[in-house]
Each structure stands twice: as C-alpha cells, then as structure tokens.
Amino acid sequence: MGLLFVKINKSFILFALFLSSLQARVENVEFVAKEVHKEGSIVTATGDVLVYSPSYLISAKRAKYDEKNEIVELFENVSILRNNEEATNSNYAKINLKTNEIITDNAFAMHQSKELWIASEQFCSSDARIDTSKSIVSSCNVDEPDWHIEYKDGYLDKQKKYLHIYNPVFYGNLPFVGNTPLFYLPYFGFSTDKTRRTGFLTPNIAFSKSEGLFFEQPFYIAEYNEWDLELNPQIRTNRGAGLYATFRFADSPYSSGYIRTGFFKDSKKYQDKNSLKYSTHTGVEVEYDRDKLAKYLVNGDYGEGLYVRFKHLNDFDYLNLRENGNSAYDSLVHSKINYFVNTKEHYFGIYADYYINTAKIATKYGNKDTLQELPTLQYHSYLDSFLSKNLTYSLDVKYHNYTRKIGTKAQQFELNLPVGLNFTLPGEWANLSYTHNLYASHISYQKSFELDKNGFMRDKNNEKYARSWSEIALSSDLARAYDAFGGLFHTMNLKLSYIQPGYKYGEIAERLYAFDKDESEENFVEQLDEKYQRQTLNAGIIQYLFNSDNKKILRHSLNTSYYTNKGRFATTDNRLDLYFDYFTAFSKLTYDHEKKRLISAQNGIATTYNKLYFDIRDSYDVKFDDLNIKSKSHFLQTSAHYTFPKDIRVFGSYAYDYVEKYTKMWQIGISQYRKCWNYGIYFRRNTDPINTSYGPEPKTKNSVMVFFAFYPFGDFNYDFSLKSKDVMY
C-alpha cells in the first residue's frame, strides 16, 4: 500500500502545525503519515511517518505529539538526517519543542565530513550541548572497527565545538590478537571543528631510566587568524622541568615567521651526576620570510626577499630537550640575515652570518674565537653583451667583514670580471668561446702578526692578491633517437677547454698568527682555485637518456682536469644517476690524481619492488692541509621495510660512523597503517651529544617507542628509554 495523505484533514493539519511550531522560527516543516489520530491534546501518527524540512529528514514507524507540553515522541526505526551530513538512528527519540532538547536511547549517529560515528545508550541534545553516556566512538568501519574508544560519560560543547570524554579506554583490533585495550586516560578532549581553535593538544609521554617519566602537555592559543601561540611545558621526574613557547605569525600577505624561546632547569643531583656544564638550558629562535619590503615605497619591475634565521643558545641540550632527543642537530648553530634585490640586469645582496660552535663552549676560548661574517655585501651584473652580440661580460663584487672577539679579524674586497667572445661554428655543430677573467682581492687584517726573515714579529696589515687567466672552450650538443627498448632518446653535451694563467700579483698567507691566541690557524681567506692558476686542460661530458614516455632513466657526467705544465692530471669527477620503475641509484666520485686517492664519494641505491623497500647510502669526504689530512668523515646509512598482508610493516634502519668507529643509530620495529589508524612499536639506540664540564660527550640512549595514531584525533607516542651510557671510542 502506498503512502496515504491523511483524509482527516483537521487532524493532519493540526499535527503539521504543531510540529511546524518547533521550527517556526527557522524553517518550514512538512509531515506525512499513513494514519493520523487526535484525542484531546495528543496527536498520534502511525505508518511510515516522514518529517522533512530544508535541514532535516526524519522517519519513524510511529509518532506522538503532546500539544499541551509541546513534546514530540518518535518510535521504532527512528532516523534523523541533518544537513545531509549528520545521521542518527535509534528506536526512540523525544523532542521538547520548548527547549529544543532531544533525548534518544540506544542511538547510533554518524558525521560524514568528520568521518566519525558514535553509538550511545543515552543521548541528550540541547541548543548548548550534547550529552552522551556509555558510548563508543570511532572513524572506522562499524563492523569490527580497527579502533574505537569506549567511555562512560561525555559531552559536546556546540558553541566551542569541542568534545569532552571522561574515563575513555582506547581499543585496537590487532592482528592475531583481536580487540585489545591499548591505554586508559582519565580525560580526553578534541575539537570537532577543523578551523584553528584554542585548546589542549595531544600530550607526549615517555620514560627514561636516567631522566624518569617525561610528560609534555602542549596548549594551543589561536584567537586570531594572523597569529597563534603554542606553549609546551614539560617535566622529567628524575631531571627537572622546563617550558618552550612558539609564537607564529603572518604580519602581511607577503610575510610570515615565528619566534620560539624556552628553558629547562636541571636538578642539582642530575647536573652533578652527569657533570653538566650548565644546569639551565636556554635559547631563542627567530625565523622570518618576506618577499615585499622596498616595494611598499618604490614599485617597479624587480624582485626582493628578506630571510631571517636567528638562533642563540647556551648549549645544544636546549635543542635536544625541545624535541626529546628525536632529532639530530649540528654542533655549529648558524644564524643569518639575507636581503636581496634582483632585476633582469642586476643583483644586490646583503648577508649576515653568525655562528655558535657549541662544541667549543667548554674550551679555553669558548665561542669567542668563532669566525663571524657581519656583513657580506654583493653586487652582480648578469651576463650581457656590448658592442656586439658576440661580445659578453659580467661583473661580481663582494665585501666581507670577518670578525670575532679573539683571533685575527679581516675585511676583504673581491672583484671578478669575465669578458668573453662567443661564436657558433658553420653548420651550427659546435660553439667556440674565448673568455678572459680577472680576479682581484684586497684583505686588511687586524690583531694579526707575521714573522720576518729574522724571526721577529711584525704587524700583518694587509694583502693584495690578483690573478688573470684566459679560457678557450669548444662545446657541442648532440641528440639522437633510438628504436631499441621501445624507443629511447639520447642527449649529450661535450666540452673541451684550455686555461692559460696570465697576470699574477701577491699571495695570500696559508696560516694566521694572532696576538691574543696561543696557536696559529689556517687562513679563513682562501686563494683562487688551483685550476685557474695553472695551464689546465679540461674535458667534460654530460648526457641524458629518456624513454618513450619522456621519462629520464639516466644522467651521467664526467669531468677531468690535466695540468699541461706539470704533465699530470688534477682531479676527475664522475657522477652517475639511474632511474627505473623499481630501482634508483646514484654515485658521485672525486679522485685527486696528485694525492692518488678518492677525496669525496657519495654512493647509494634505493629499490621498491612489490612489498619491499630498501636503501643504502655511503658518504665519504676528506680535506687536506697540503698533503696531510686535515679532516675526514665517513658515514653509512641504510633503511628497509617490508609490507605484509593487512598492511603490516616491518622496518629498520642503521647508521654507522667509520671515522669514530661507533654505531650512531639503529632501530627495528613493526607497524600497521590502515585508513583510519596506524600504530607501531620499535626499539631504537641512538647517540646524542651532551655538554659536560669537560666538553661535549656523546651518550647512547636505548629506548622502546610505542605510537598510535587515531584518525582524525592525532597520535600518541610513548618512549620508554631503557638505559643511557657513555659511548666508548
């Protein structure tokens, strides 16, 4: 039998009017049912009851309206759909038209955009809030969800759009185990609004044998669109407590940045036990990026940019404590300010670089003898032609101010002027060019001395240095298509050049002696590269290979230099990159023929085949002082993971320092990544530096990390450190 629009027009109209009074202030409501009856002030509707409005669609088997108390009750298979987004199913619903309060029993509700559903024994909704009790919430499939939260009581603040849950227990449907309780919290809250809002963020919890329980509870303040503030108080029960704060802002449509500061206070017991130089670790960080500054005053066809990165800290434990030791930092902390103006013809830049060498904090001079560049000025005129299109030139001028409190200081002026003549040979098979280069430098030293021929000290005031050289080059670009392997396209650039040194004036000392330092040091002002000061023949090739889909599958370059006046090779550089669907590889090698050894090598491969991923990288670098090794580094890094059925992944990584002969980090673990959640557990051993009274010392940290991520709430990390000890070299 089809739907019957009520024949008792009076009863139907009265019920429709009564029900419409609920939404009269907002919208019109229409009512359809098979049968409608009225007895006194009670209107009863049965048989496929349907109530709909621009915002609501409600269906039930039966409905009853109390005209006197303005209460609507819905029975059996009650479904409520609001704004095509929020759906609720229950067997009973009670609506108070006076208070707009809705009460349901054994309700099931779903929010489509937030991809969340909730099942509750008791559900009460008003204008201000929604209260639930004995409920389950999840974002996964309703049948056997991958994760869900069970809680006794909770409520949703409709005004603040924030859900509060009390005594929740988080469950995960683990492979081979099934539905398993993961952890309990006395309280858990999260925003149901995707906009930026003030409130608590996910806490971070870890445990370390040496530092005790670690707990961090971030608080986020976002009252305006232009800025926000994140506060990160933390406590380590066996070590101390601290607070970090990050202020992020966008002060214009063309700029943004952040200011971060923080401190951590160690207990006296922890400081003495670990021989720490500082009991309080403090720091300030500023980062700012802006691409419109002078254009506010002078508009034109030019680009500009300002970048500021400032870091000041008393030791690198400020950084380690901020990230709970999960990130690696260089001991040399670099702050800089860069500003440039760029046109099609000219470039002007001003730079300032400031360094804090945290590895030298506990040494004799501390950071006082660390060299700073405050400022550097640069002007560059881009390549242009004059007199003829074949006659070209460019110009680069720099000023450096090298300063510090202890040690030699200097000011340097540099000029680089290449003038060239370029031709395309007949038939356009090659290009021929001749370039004459002039380089000049003037260095003024302060607080520096040198020894005369009799061994007496005298002030070292300045050095003048100039070199010129000519270069003739022949180059050609070749390309060819091949039918092999489904179609290949090969491009190649060949270049042969010869450098003839010319004018030569002055020298730059290799070592510096300062009045206020006990030992000499290598000069921070370098001479011109040796290949421009000798008769040098250079040969190079760079080639690419593309497949029929225009995808690059090979890049190869080879460059070598030969000193013709000495009859020997200088250096040879070789680079090879391979790109395939399941495999990539790279190799960069530099060989010094005079020293008869590799001075730089970076090699690595990465493969993704079926469910397996694997990569390995090796990096080697050595620097020389004359023929003696000045510094050397050699690292090995590798990682791998394999994905089993049901998205279960086993992973691991490893890093080794060949020079210091110790394992810097290794970890192994297992995880599962699903649509609505992921989780994992892994064991990790890593080495972090700490600043002791005797200088920086590496410490090992063994830890077990357990993490859970529940979409859309966020992630939970638990780091349990087993022990810490000194690294023995």
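Structure: above.
These numbers come from a predicted model, not from an experiment.

Undergrad: Looking at this model, I keep getting lost on the overall build of the protein. Mind explaining?
TA: In terms of helices and strands, the protein carries 3 helices and 47 strands. Looking at the protein residue by residue over its 729 residues, the buried ones come to 41%. By element, 56% of the accessible surface of the protein is carried by carbon and sulfur atoms, the whole surface being about 40,300 Å².

Undergrad: Quick question: what am I supposed to make of the pattern of salt bridges here?
TA: Pairing of side chains with opposite charge becomes possible as their charged atoms draw close. All told, the structure shown has 24 salt bridges when counted by the stated rule. Arg 239 is paired through a salt bridge with Glu 211; the nearest N and O atoms lie 2.9 Å apart. In this pair, Arg 239 sits in the loop between β19 (227–236) and β20 (240–252) while Glu 211 sits in the loop between β16 (204–208) and β17 (212–216), placing the two residues 28 residues apart along the sequence. Each member of the pair, Arg 239 together with Glu 211, is buried. Of the charged contacts in the structure, one is a salt bridge between Arg 467 and Glu 507, with a shortest N-O distance of 3.2 Å.

Undergrad: Would you take a moment to explain a nonpolar patch on the surface for this structure?
TA: The grouping of Leu 421, Phe 423, Trp 429, Leu 432, Tyr 434, Ile 472, Leu 474, Leu 496 and Leu 537 at the surface amounts to a nonpolar patch, some 790 Å² of accessible area in total. Where the nonpolar patch is concerned, the elements lending two or more residues are β28 (409–424), β29 (431–446) and β32 (462–482). Here Leu 421 shows up in strand β28.

Undergrad: Looking at this structure, how should I read the pairing of β28?
TA: Within a regular beta strand, the side chains point alternately toward one face of the sheet and then the other, so they alternate between its two faces. Pairing of strand β27 (residues 388–403) with β28, which is carried by 10 bridges, proceeds in the antiparallel orientation. Each residue of the ladder has a partner; that of Asn 401, found in β28, is Gln 411. Hairpin connection from β27 to β28: 5 residues lie between these consecutive antiparallel strands, with Gly 407 at a positive phi of about 110°. Here β28 pairs with β29 via 16 bridges, running antiparallel. Following the sheet pairing, Glu 414 is matched in β29 by Ser 441. Joining the antiparallel neighbours β28 and β29 is a turn of 6 residues, in which Gly 427 adopts a positive phi near 85°.

Undergrad: Would you mind going over the environment of Asn 96 with me for this structure?
TA: Note that Asn 96 resides in strand β6 (residues 86–96). In this structure Asn 96 touches Glu 70, Ile 71 and Glu 101, once residues within four positions along its chain are discounted.

Undergrad: Help me understand the side chain of Asp 146 in this model?
TA: Along the chain, the position of Asp 146 falls in the loop between β9 (129–138) and β10 (147–157). Not counting residues within four places of it along the chain, the set of residues in contact with Asp 146 comprises Cys 140, Tyr 171, Gly 172, Asn 173, Arg 674, Cys 676 and Trp 677.

Basis of the calculations
Residues numbered from 1 in each chain as written. Predicted model: local features only at pLDDT ≥ 70, side-chain atom pairs only at ≥ 80, totals over all residues. Heavy atoms only, no water. Helix = DSSP H or I, 4+ residues; strand = E, 2+ residues; numbered from the N terminus. Buried < 20%, exposed > 50% of the residue type's maximum accessible area, 1.4 Å probe, protein only. Areas by Shrake-Rupley, 256 points an atom, 1.4 Å probe, with all protein chains shown as cover. Salt bridge = Lys/Arg side-chain N within 4 Å of Asp/Glu carboxyl O. Patch = residues over 30% accessible without salt bridge, like charges linked within 9 Å, V, L, I, M, F, W, Y side chains within 5 Å. Pairing = 2+ DSSP bridges. Contact = heavy atoms within 4.5 Å.

By themselves, these observations are geometric and do not establish any function.
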